[in-house]
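Read off the chains here:
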Amino acid sequence: MSQKVYWGIIGLGKIAHKFAADLQYSEVAVLHAVASRSIEKATDFAKTYQVSKAYHSYEDLVNDPKIDVVYIATPHTLHFENSMLCLQHHKSVLCEKPLGINSTQVQTIIQEARVRKLFLMEAIWTRFMPAIEKMISLLDAKAIGDIISVQADFGFQSEFNTESRLYNKKLGGGSLLDIGLYPIFLSLLVLGIPSDVKAMARMTKTDVDSFCAMLFDYENNAKAILTSTLEANTPTEAYLYGTKGSIKLHRRFHQPSTITVSQNGKETIYELPFSGNGYIHEIEEVNSCILHKQHESTKLPLHLSEKLMAIIERVKSKIGLQYE
Ligand SMILES: NC(=O)c1ccc[n+]([C@@H]2O[C@H](COP(=O)([O-])OP(=O)(O)OC[C@H]3O[C@@H](n4cnc5c(N)ncnc54)[C@H](OP(=O)(O)O)[C@@H]3O)[C@@H](O)[C@H]2O)c1
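Residues numbered from 1 in each chain as written. Predicted model: local features only at pLDDT ≥ 70, side-chain atom pairs only at ≥ 80, totals over all residues. Heavy atoms only, no water.

### Re the overall build of the protein
Here is step 1 of the chain: A tally of helices and strands in the protein yields nine helices and 14 strands.
Here is step 2 of the chain: Here the protein, with 324 residues, has 56% of them falling under the buried criterion.
Here is step 3 of the chain: Taking the intrachain contacts of the protein between residues at least 6 apart in sequence as the baseline, contacts between residues at least 24 apart amount to 67%.
Here is step 4 of the chain: For the protein, the exposed surface amounts to about 14,000 Å²; the carbon and sulfur share of it is 50%.
Here is step 5 of the chain: Measuring between centres, the 34 positive side-chain charges of the protein sit 1 Å from its 35 negative side-chain charges. (Helix = DSSP H or I, 4+ residues; strand = E, 2+ residues; numbered from the N terminus. Buried < 20%, exposed > 50% of the residue type's maximum accessible area, 1.4 Å probe, protein only. Contact = heavy atoms within 4.5 Å. Areas by Shrake-Rupley, 256 points an atom, 1.4 Å probe, with all protein chains shown as cover. Lys, Arg positive; Asp, Glu negative; His and termini not counted. Charge placed at Lys NZ, Arg CZ, Asp CG, Glu CD.)

So this is what it looks like as structure tokens:
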């Protein structure tokens, strides 16, 4: 492999545009090809971001021998088949969250990547934000002692529309998979796997959750109170309370640029802005792993994706959320 990493993108919707813009900040990444169900869309996208190849089908893209890694930016329910397609054509994968819509899908994708010795990562960009790196180093240094509770919410108002990806069950709609995943990821990162999960939700006419409230208990008696909603613009902040102080991840906590640490009545504010649209940090992690022939990221290892989905499955079963 050259010292460049050649990228492809499949599914040219909203997030693909933001991601492609950030790929241009990387000195290592080359956005070589894009694929859409519409050739006009692929051609326009390719012109906007100076991409060499525009494909009319995802299959054509995975057959391009130049591509090292494919970014999958399709709706949730397609992540499984799209990831498997890429891996089975010897392409490494960065797949948008959630990696699959259930644990079986997530485990099958991970197994496929492991057997084929290919790089795979779920695109949880939050993990690579400078402010989250700072949070992790503060927690490692026990700056706020031991965590006793976590509170995090993620909510925005989205008009109900049966066709929208957010409400369409066939596309994996609902707040839990789309944004509830972020507070759960934060709780997993700082507290691990809960011993008990309680949850309740409000379901839409399309039978997905528009609101989900979660309460997690841990063996060490720590607690997490988490919510996600498509019904209202909520603060979208996170608070970690410890035995010696607290950390606030300012709005929007999944892509924070400010954190406040409170200890002994004193506040320290850290301003740690992300670059570009915020995706460049995960992009550089993928580039580095691929150039160093690592099959998974040490910062976001695949066991975290397995654990994340296992917790989501427990919430799904509490709120009666099922996908085909
Ligand atoms: N990390 C983040 O910050 C972030 C933010 C937003 C979304 N996401 C994730 O990114 C994924 C895509 O979200 P998005 O907001 O970009 O969605 P979107 O705007 O609807 O784009 C999804 C794209 O998937 C392709 N697609 C293939 N089959 C489809 C089908 N049956 N119905 C609809 N689209 C289909 C389409 O591209 P073509 O027509 O070009 O094939 C479509 O443009 C989701 O899984 C979401 O969780 C992540």
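### Quick notes on the site of the ligand
Here is step 1 of the chain: The ligand sits among 23 residues. The nearest are S36, K41, Y58, K97 and Y279.
Here is step 2 of the chain: A distance of 3.3 Å is found between a nitrogen atom of the ligand and a side-chain nitrogen or oxygen belonging to E96.
Here is step 3 of the chain: In this structure, R165 approaches the ligand through a side-chain N or O atom, which is 3.1 Å from an oxygen atom.
Here is step 4 of the chain: Mapped by element, the contributors of at least two residues to the shell around the ligand are helix 1 (14–23) and helix 7 (175–191).
Here is step 5 of the chain: Residue classes in the shell around the ligand are distributed as ten nonpolar, six polar and seven charged.
Here is step 6 of the chain: Viewed by domain, the shell around the ligand spans two of them, domain 1 (5–124) and domain 2 (130–273 + 307–319), each represented by three or more residues. (Near = heavy atom within 4 Å. Polar contact = N/O pair within 3.5 Å; in protein donor to acceptor, adjacent residues only side chain to side chain. Nonpolar A, V, L, I, M, F, W, Y, C, P; charged D, E, K, R; others polar. Domains from an automatic or database assignment.)

### Brief notes about helix 7
Here is step 1 of the chain: The terminal C-alpha atoms of helix 7 lie 22 Å apart, and with 17 residues this matches the ideal 24 Å at 1.5 Å per residue to within 8%.
Here is step 2 of the chain: At L181, helix 7 shows its strongest bend, of approximately 50°, with the proline P183 following within four residues.
Here is step 3 of the chain: Judged by how many residues are buried, helix 7 sits mostly within the fold: 16 of 17 residues are covered.
Here is step 4 of the chain: Where helix 7 ends, the next residue or the one after it, G192, has phi of about 85°, a positive value. (Expected span 1.5 Å × (residues − 1). Bend = angle between axes of the 7 residues up to and from the residue.)

### Quick notes on the pattern of salt bridges
Pairs can form between side chains of opposite charge whenever their charged atoms are close.
Here is step 1 of the chain: Across all of its chains, the model carries twelve salt bridges by this definition.
Here is step 2 of the chain: Close ionic contact of K223 with D217 constitutes a salt bridge, the shortest N to O distance being 2.7 Å.
Here is step 3 of the chain: Note on D217: relative accessible area 25%, which makes it partly exposed.
Here is step 4 of the chain: As a salt-bridge pair, K248 and E237 come within 3.8 Å of each other at their nearest N and O atoms. With K248 in strand 12 (residues 245–249) and E237 in the loop between strand 10 (223–229) and strand 11 (238–242), this pair connects stretches of sequence that are eleven residues apart.
Here is step 5 of the chain: Residues participating in the shared-partner salt-bridge network are R127, E133 and K299. (Salt bridge = Lys/Arg side-chain N within 4 Å of Asp/Glu carboxyl O.)

### Quick notes on the packing of aromatic side chains
Here is step 1 of the chain: According to the stated counting rule, one finds nine aromatic pairs in the structure shown.
Here is step 2 of the chain: Between W7 and F19 the ring centres are 5.6 Å apart and the planes differ by 55°, which places this aromatic pair in the tilted class. Of this pair, W7 sits in strand 1 (residues 5–10) while F19 is found in helix 1, placing the two residues twelve residues apart along the sequence.
Here is step 3 of the chain: With a relative accessible area of 0%, W7 lands in the buried category. (Phe/Tyr/Trp six-rings, centres within 6.5 Å; stacked < 30°, edge-to-face > 60°.)

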